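# Structural overview for review
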Amino acid sequence: MLTATEEERSRISKELHDGTGQQLSALKLGLQSVSKSMADEKQREQLEEIATSFSKSADEVRHISHQMMPRALMEKGLVEAIEDLLQSSFQYTDTNYSFEHHNINGRFEERIEVSIYRVIQELINNIIKHAGAQTVTVQLIKQKGNLLLFLEDNGKDMNQESTDGHGLLNIKSRLDMINGTVNWSPGSEKGTFVTVKIAL
Ligand SMILES: Nc1ncnc2c1ncn2[C@@H]1O[C@H](COP(=O)(O)OP(=O)(O)O)[C@@H](O)[C@H]1O
Ligand SMILES: [Mg+2]
C-alpha cells in the first residue's frame, strides 16, 4: 500500500508541477503583458494585482508538488534531496545542522531512495516538534553492502515508552519492506541517536 501511495504521490506531484503550476505561471505572464498595453492606469494596477495572485498560487502549487515528491530526489538523488530537505526544514529554526555522506555515488533503487527520504523527513519533523535541539548531525554512508543513516540531535531525551507513536511505527514499517532496521538510543551527551541500516 505504501508503494502504491508513493507512486500516486509521484504522479500527482508531476501533474501539479508540470501542469497546473506551469499554467498558472503562463497566466501570470499573459496578464502582465496585457496590463502593459492598457492605457487606463487603474485597470493596469488591477491587472497587476491579479497577476501577483496568480504568481502566489503558482508558488503554492510548486510547494505542494515538492512536498508530495521532491524533484531533487527524482532527478538528482538522495544527497541533494537531503540537503534541500535539511535546508528548508531548519531555515526558520535556531537549530544548526551538518550533513556528511561517504561513498554515496550513483543511485539506489527508487523504493530505497523514497523510503530513506521519508524516514529522514519524519525524523526531522520529530526533532523540530519534540526535541528543541541546538544541533543535529546527519550522516549517510554506504559500507559493505549496507546503507547506513545516523541522525543525532542534542535536544530533549526521548521517552523510551513513546516508541509506538504513528510516526515511529510508519518508519518501522517502511523500513521493514526494504530489509531495513531502525534503532533509537540516547545521544552522546543528551538527546537522541537514531541508526537506520538497509541491506542493499
Ligand atoms: N527526536 C526526538 N526527541 C525527543 N522526543 C522524540 C523525538 N522523536 C520522537 N519523540 C517522542 O516520541 C513520540 C512519538 O513520535 P511519533 O511516533 O513520531 O509521533 P508524533 O510525532 O506524532 O508525536 C513523540 O510524541 C515524542 O514524545
Ligand atoms: Mg512524528
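Heads up: the structure comes first, above all this text.
This write-up is about the structure you can find in this document. (Residues numbered from 1 in each chain as written. Chains lettered and ligands numbered in written order. Predicted model: local features only at pLDDT ≥ 70, side-chain atom pairs only at ≥ 80, totals over all residues. Heavy atoms only, no water.)

## Here we look at the overall build of the chain
The helix and strand inventory of the chain stands at 6 helices and 5 strands. N-terminal to C-terminal, the α/β element order of the chain is α-α-α-α-β-α-β-β-α-β-β. A compact globule built from 200 residues should have a C-alpha radius of gyration of about 16 Å, whereas the chain, at 21 Å, is more than 25% larger. If one aligns the C-alpha atoms of the chain with their principal axes, the spans along those axes are about 70 × 35 × 30 Å. Buried positions account for 38% of the 200 residues belonging to the chain. If you take every contact in the chain between residues at least 6 apart in sequence, the share linking residues at least 24 apart comes to 66%. Roughly 11900 Å² of accessible area belongs to the chain as shown, and the carbon and sulfur atoms make up 49% of that amount. Averaging the coordinates of the 22 positive side-chain charges in the chain and doing the same for the 29 negative ones gives two points 3 Å apart. (Helix = DSSP H or I, 4+ residues; strand = E, 2+ residues; numbered from the N terminus. Rg over C-alpha atoms; globule rule 2.2 N^0.38 Å. Buried < 20%, exposed > 50% of the residue type's maximum accessible area, 1.4 Å probe, protein only. Contact = heavy atoms within 4.5 Å. Areas by Shrake-Rupley, 256 points an atom, 1.4 Å probe, with all protein chains shown as cover. Lys, Arg positive; Asp, Glu negative; His and termini not counted. Charge placed at Lys NZ, Arg CZ, Asp CG, Glu CD.)

## Comments concerning the coordination of the magnesium ion (ligand 2)
Only Glu122 (OE) and Asn126 (OD1) from the protein reach the magnesium ion (ligand 2) as donors, at distances of 2.0 to 2.1 Å. With glutamate 122 and asparagine 126 both in helix 5 (residues 110-131) and 4 residues apart, this pair spans about one turn of that helix. (Donors = N, O, S within 2.8 Å, 3.2 Å for Na, K, Ca; no water.)

## Notes on helix 1 (residues 2-36)
The first and last C-alpha atoms of helix 1 sit 49 Å apart over 35 residues, in line with the 51 Å expected at 1.5 Å per residue. The sharpest bend along helix 1 measures roughly 35° and falls at leucine 16. Residues Glu6, Ser10, Ser13, Leu16, His17, Gly21, Leu24, Leu31 and Ser35 constitute the buried set of helix 1. The inward-facing, buried residues of helix 1 abut helix 2 (41-68), helix 3 (71-76), helix 5 and helix 6 (166-177). (Expected span 1.5 Å × (residues − 1). Bend = angle between axes of the 7 residues up to and from the residue.)

## Focus: the nonpolar core
Within the largest apolar cluster, 39 residues are counted, with the highest numbers of intra-cluster contacts made by Ile116, Leu140, Leu147 and Val196. When contributions to this core are tallied by element, the ones reaching two or more residues are helix 3, helix 4 (78-90), helix 5, strand 2 (135-143), strand 3 (146-153), helix 6, strand 4 (180-186) and strand 5 (192-199). If one sorts the elements of this core by residue count, helix 5 sits on top with 10 residues. Those residues within four positions of isoleucine 116 in sequence are excluded, and the remaining contacts are Leu78, Leu140, Leu147, Leu149, Val196 and Ile198. (Core = buried A, V, L, I, M, F, W, Y, C linked by side-chain atoms within 4.5 Å.)

## Some details on the packing of helix 4 against helix 5
Taken N-terminus to C-terminus, the directions of helix 4 and helix 5 make an angle of 20°; their axes are 11 Å apart at the nearest point. Between helix 4 and helix 5, the crossing angle belongs to the class labelled roughly parallel. Classified by chirality, the crossing of helix 5 by helix 4 is right-handed. On helix 5, the residues touching Leu78, Ala81, Ile82, Leu85, Leu86, Ser89 and Phe90 of helix 4 are Glu113, Ile116, Tyr117, Ile120, Gln121, Ile124 and Ile128. Among the residues forming the contact of helix 4 with helix 5, the class breakdown is 11 nonpolar, 2 polar and 1 charged. (Axes fitted to C-alpha atoms, helices over the stretch in contact; angles between N-to-C directions. Parallel < 35°, antiparallel > 145°, perpendicular 65-115°, else oblique. Left-handed = near helix turned anticlockwise from the far one by under 90°. Nonpolar A, V, L, I, M, F, W, Y, C, P; charged D, E, K, R; others polar.)

## A word on the packing of helix 1 against helix 2
Relative to each other, helix 1 and helix 2 sit at 165°, their axes nearing to 8 Å. The orientation of helix 1 relative to helix 2 falls into the category roughly antiparallel. In the packing of helix 1 onto helix 2, the handedness of the crossing is left-handed. Looking at the contact of helix 1 with helix 2 residue by residue, the class counts come to 14 nonpolar, 11 polar and 5 charged.

## What to know about a negative patch on the surface
Together, Asp40, Glu41, Glu45 and Glu49 make up a negatively charged patch on the protein surface. As for its placement among the helices and strands, aspartate 40 is situated in the loop between helix 1 and helix 2. (Patch = residues over 30% accessible without salt bridge, like charges linked within 9 Å, V, L, I, M, F, W, Y side chains within 5 Å. Salt bridge = Lys/Arg side-chain N within 4 Å of Asp/Glu carboxyl O.)

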